[in-house]
Amino acid sequence: MDQFIVEGGVPLRGVVPISGAKNATLPIMAASLLANSPVTLRNVPALMDIDSMMRMLHHVGADVVRDKDSLVIDPTRFNVAEAPYDLVRKMRASFYVLGPMVAKLKKAKVSLPGGCVIGRRPVDLHIKGLEALGAKVKVEGGYVIVDKPKLKPAIFSLEGPSGSSVGATCNTLMAAVFIEGRAVIHGAAKEPEVMALVDFLNEMGAKIEVQDSTITIEGVKELHGTEHTIIPDRIEAGTYMVAAAITRGDLTIKGCHLPHMEVVVSKLREIGLEVEPVVGGARCRFANSRQSAINIRTLPYPGFPTDLQAQFSSLLALTKGESTITETIYPERFMHVAELSRMGAEISLYRATATICGVDKLQGAPVMATDLRASAALVLAALAAEGKTEILRVYHIDRGYERLEKKLEAVGARIRRVG
Ligand code: UD1
């Protein structure tokens, strides 16, 4: 199993290019199944999760060909209405094939994704969406099963105990596109990745309108192929902004889309990072004088993203004063805390709030990556720590960060992958 060896203490300087957003690509790949002719996707990141979705699309009968950062998906032979456990357990987002199966094949048998290291991740809202649209949904033997649904338009809310759900909104949208009449989803997620799916479906001929948290879907008879460019990854961009701050460096984040990152940028500015919009991106420079502790609460978009919570934990571990992070989306998502503590961070946890007392220095240590974003947090801490850090199980990083060590090396980091 690969690991990273990082020698910390180098301020990073230079340009980091941002890849296409993983979390926009995955639902869009699934939604390609709805078309009646091939779809071309551009700016697709080279990631393990994308490979997993390609395997899923092959499994259900589609042809998928990759050429550099483009994917051509031919959905015309999409005819398999079953997604087995073996494929879904490797990546939760495989569950996105449920909506297209229900809409186009009028049946589906999709494995429940099961638990994951960041806590309980139910799919009740996905099922609620399908049921609201008239489908009878059975959960049997670990599978979600839908057979010959009598779909009809409806007006309903998808809001759950933690607010809106990205996955349930995307799956329900995809299930609804061919229903004659007008379906209205209240309490829908507004994440840029959900809006990217809406744009993609509309480019294929769907009639979907978004107003605040309400999505209206006017059913169409069919969807056609299109060419679509994936939006930049706001979580990857945020991670490199944190890299600039934590190493007291100067990075130009090329290709990021700042309007998707307003809360993140304002938090970074509070901590003392100068974020200056430049043509095609943002320049991020650490200004020593304004460093101060902050409080963060993760929330659905446009709030602070849970997917940057772990990375900010590393930064706050080295930020003067006492900061807090409250996780409202995944209350158990604090696996990185124990590992950061092993590097000298002072973090205490009470329920879903981490209180972080900034220390002057972190020390390198052997640490274990537990999930995608927690792994990124450990790399960031390692970049700022004194001495050598070994990060084990970096395959988590390969799921969601394209060429992370190459991008970091190019801006001066001393990081290498060993097999
Ligand atoms: C997506 C992202 C993930 C991100 C998360 C929250 C992808 C592939 N993954 O995950 O990186 O961390 O959004 O921004 O895009 N919930 C329910 N019932 C459901 C579904 C969700 O209660 O049926 C709850 C979840 O437990 C969580 C909250 O709703 O507390 C938000 O989850 P959701 O937005 O659905 O996350 P994902 O789509 O799985």
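Residues numbered from 1 in each chain as written. Predicted model: local features only at pLDDT ≥ 70, side-chain atom pairs only at ≥ 80, totals over all residues. Heavy atoms only, no water.

Draft legend 1. Expanded view of the pairing of strand β21 (residues 353-357). Only one face of β21 is covered, namely the face carrying Ala354 and Ile356; the face carrying Thr353, Thr355 and Cys357 is uncovered. Sheet topology places strand β19 (residues 322-326) next to β21; five bridges connect them, and they run antiparallel. Paired with Glu322 across the two strands is Cys357, which belongs to β21. Two elements, strand β20 (residues 346-350) and β21, share five bridges in a ladder whose sense is antiparallel. In the sheet register, Glu346 faces β21, and the bridge partner there is Cys357. Once β20 ends, the chain turns through two residues before running back antiparallel as β21, passing Arg351 with a positive phi of about 50°. (Buried < 20%, exposed > 50% of the residue type's maximum accessible area, 1.4 Å probe, protein only. Helix = DSSP H or I, 4+ residues; strand = E, 2+ residues; numbered from the N terminus. Pairing = 2+ DSSP bridges.)

Draft legend 2. Broad picture of the packing of aromatic side chains. Counting across every chain of the model gives one aromatic pair. Their ring planes at 85° and their centres at 4.9 Å tell us that Phe304 and Phe312 sit as a pair that is edge-to-face. You can call Phe304 buried: its relative accessible area is 3%. Given the relative accessible area of 0%, Phe312 is considered buried. Sitting above the plane of the Tyr143 ring, Lys109 keeps its charged end 4.8 Å from the centroid. (Phe/Tyr/Trp six-rings, centres within 6.5 Å; stacked < 30°, edge-to-face > 60°. Lys NZ or Arg CZ within 6 Å of the ring centre and 35° of its normal.)

Draft legend 3. Representation of the sheet that holds β19 in the model. Overall, mixed pairing links the four strands, which are arranged β18-β19-β21-β20 in an open sheet. Of all the strands in the sheet, just β18 (295-297) and β20 have a single pairing partner and so form its edges. Each strand axis lies, on average, 15° off the axis of its neighbour in the sheet, ignoring direction. In terms of strand pairing, β18 meets β19 through three bridges, oriented parallel. Among the inter-strand pairings, Asn295 is bridged to a residue of β19, identified as Thr324. Packing of helix α10 (residues 309-317) onto the sheet brings it into contact with β18, β19 and β21, and relative to β19 it is tilted by some 170°. (Axes fitted to C-alpha atoms, helices over the stretch in contact; angles between N-to-C directions. Contact = heavy atoms within 4.5 Å.)

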